[in-house]
Amino acid sequence: MNGAVLKLIDLGSSVSVSTVVLPDLEFASPEMLTSPATAGPSTDMWSLGVLLYILLSGVSPFPRRE
């Protein structure tokens, strides 16, 4: 696999409302919810961690309340 490139993309899980972009809450980091202007590489790592957890365990780390 020399030279293999892995690309991760957002397939439209965020919703745009006028000028505000609302992320999918299951993958959003705490700082993204409190202050979206502080979004950066750490928020991407949070989302990747949630995604990997779901892929490895088969369940969300944050079960939805009913």
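Everything quoted here is computed from the prediction, not taken from an experiment.

Mean pLDDT over the chain: 74, with 68% of residues reaching 70 or higher. Mean pLDDT values over the elements of the chain span from 52, in strand E1 (residues 15-17), up to 87, in helix H2 (residues 41-57).

This paragraph deals with the side chain of Thr43. Structurally, Thr43 is set in helix H2. Classification of Thr43 by relative accessible area gives buried; the value is 7%. Apart from residues lying up to four places away in sequence, Thr43 is in contact with Ser29 and Glu31.

Here we take up a nonpolar patch on the surface. A contiguous nonpolar surface patch, about 430 Å² in accessible area, is contributed by Leu51, Leu52, Leu55 and Leu56. Looking at the secondary structure, you find Leu52 in helix H2.

With that settled, consider the packing of aromatic side chains. Counted by the stated rule, this structure contains 1 aromatic pair. Seen in terms of ring centroids, Trp46 and Phe62 are 6.1 Å apart; in terms of plane orientation they differ by 10°. Their pairing is stacked. Here Trp46 is found in helix H2, whereas its partner Phe62 is found in the segment after H2, with 16 residues between them in sequence.

Rules used in this analysis
Residues numbered from 1 in each chain as written. Predicted model: local features only at pLDDT ≥ 70, side-chain atom pairs only at ≥ 80, totals over all residues. Heavy atoms only, no water. pLDDT = per-residue confidence, 0-100. Helix = DSSP H or I, 4+ residues; strand = E, 2+ residues; numbered from the N terminus. Buried < 20%, exposed > 50% of the residue type's maximum accessible area, 1.4 Å probe, protein only. Contact = heavy atoms within 4.5 Å. Patch = residues over 30% accessible without salt bridge, like charges linked within 9 Å, V, L, I, M, F, W, Y side chains within 5 Å. Areas by Shrake-Rupley, 256 points an atom, 1.4 Å probe, with all protein chains shown as cover. Salt bridge = Lys/Arg side-chain N within 4 Å of Asp/Glu carboxyl O. Phe/Tyr/Trp six-rings, centres within 6.5 Å; stacked < 30°, edge-to-face > 60°.

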